[in-house]
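Residues per chain, in single letters:
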Amino acid sequence: MSLYGGSLTGYYSDNKLVLITADHEVAYCSNEYSYYIKNDSLVFVTEQITKIKEPDNFDEYIKNHTDKSNNTDLSKLPLEINDDNQYYFHDDKIIACRMKSFKKKIIIVEDIVGEKNRMLVMFYKSHLDELKAIK
């Protein structure tokens, strides 16, 4: 999963895997993926990356959220969705996608799609292996 933690859930219909949800926690960021499966093939993926938004006055935030033991509560930092993407697959290849970063559409270039394709298929296959190991 992830150095900082996360979760992995498989959803089944008639003993066939139809959906995998995965949440990867990393420093100051959460990556959420949903992998939709039809006839044992990956057909659709959603990806949402949420990051901590630094407050306008970070020093004041630290001062107001640090206790006497010098522990700072970072859970009150505001969050913002950085990426909100959708990918359609056929034969483990992205055939269409919609990508947004900070709520703005991204100009899609072949290099970006190729790297996303490689990464998402790698994660998907890794998650399949993890689910098979616990089933």
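Anything mentioned here points back to the structure above.
Residues numbered from 1 in each chain as written. Predicted model: local features only at pLDDT ≥ 70, side-chain atom pairs only at ≥ 80, totals over all residues. Heavy atoms only, no water.

Caption draft 1: Representation of the overall build of the protein chain within the structure. Tallying secondary structure elements over the protein chain gives two helices and eight strands in all. Starting at the N terminus and ending at the C terminus, the protein chain contains elements arranged as β-β-β-β-α-β-β-β-β-α. A globule of 135 residues ought to have a C-alpha radius of gyration of about 14 Å, yet the protein chain, at 18 Å, is considerably larger. Pairs at least 24 residues apart make up 40% of the contacts formed inside the protein chain by residues separated by at least 6 positions. Here the protein chain has roughly 9200 Å² of accessible surface; of this, 51% comes from carbon and sulfur atoms. Across the protein chain, the mean location of the 18 positive side-chain charges is 4 Å away from that of the 22 negative side-chain charges. (Helix = DSSP H or I, 4+ residues; strand = E, 2+ residues; numbered from the N terminus. Rg over C-alpha atoms; globule rule 2.2 N^0.38 Å. Contact = heavy atoms within 4.5 Å. Areas by Shrake-Rupley, 256 points an atom, 1.4 Å probe, with all protein chains shown as cover. Lys, Arg positive; Asp, Glu negative; His and termini not counted. Charge placed at Lys NZ, Arg CZ, Asp CG, Glu CD.)

Caption draft 2: The layout of surface pockets, seen in detail. Roughly 180 Å³ of volume is contained in the largest pocket. Taken together, Tyr12, Asn15, Leu17, Ile37, Asp40, Tyr124, Leu128, Leu131, Lys132 and Lys135 make up the full set of residues lining the largest pocket. The dominant element in the lining of the largest pocket, judged by the number of residues it contributes, is helix α2 (residues 110–134), at four residues. The residue inventory of the lining of the largest pocket, partitioned by class, reads six nonpolar, one polar and three charged. (1 Å grid on protein atoms, 1.4 Å probe; cavity = no way out; pocket = protein on both sides within 12 Å on 5 of 7 lines; lining within 4 Å. Points joined across faces, edges and corners; volume = space filled by probe spheres on them. Nonpolar A, V, L, I, M, F, W, Y, C, P; charged D, E, K, R; others polar.)

Caption draft 3: Just α2, in detail. Taking 1.5 Å of rise per residue, 25 residues should cover 36 Å, and α2 covers 36 Å from first to last C-alpha, within 8% of that figure. Buried residues of α2: Val113, Lys116, Asn117, Met119, Leu120, Val121, Tyr124, His127, Leu128 and Leu131, and no others. (Expected span 1.5 Å × (residues − 1). Buried < 20%, exposed > 50% of the residue type's maximum accessible area, 1.4 Å probe, protein only.)

Caption draft 4: Seen up close, the nonpolar core. The biggest cluster of nonpolar side chains holds 19 residues, and the ones touching the most others in it are Ile20, Tyr35, Val45, Tyr87, Phe89, Leu120 and Tyr124. Of all the secondary-structure elements, those providing two or more residues to this core are β2 (16–26), β3 (29–38), β4 (41–52), β5 (79–90) and α2. If one sorts the elements of this core by residue count, α2 sits on top with seven residues. Excluding its chain neighbours within four sequence positions, the residues that come into contact with valine 45 are Ser34, Tyr35, Asn85, Gln86, Tyr87, Phe89 and Leu120. (Core = buried A, V, L, I, M, F, W, Y, C linked by side-chain atoms within 4.5 Å.)

Caption draft 5: Local environment of the packing of aromatic side chains. In total, this model carries five aromatic pairs according to the counting rule given. Taken together, a centroid distance of 6.1 Å and an interplanar angle of 25 degrees make the contact between tyrosine 33 and tyrosine 35 stacked. A relative accessible area of 5% places tyrosine 33 in the buried class. What makes tyrosine 35 buried here is its relative accessible area of 0%. These aromatic residues form a ring-pair network of at least three members: Tyr33, Tyr35, Phe123 and Tyr124. (Phe/Tyr/Trp six-rings, centres within 6.5 Å; stacked < 30°, edge-to-face > 60°.)

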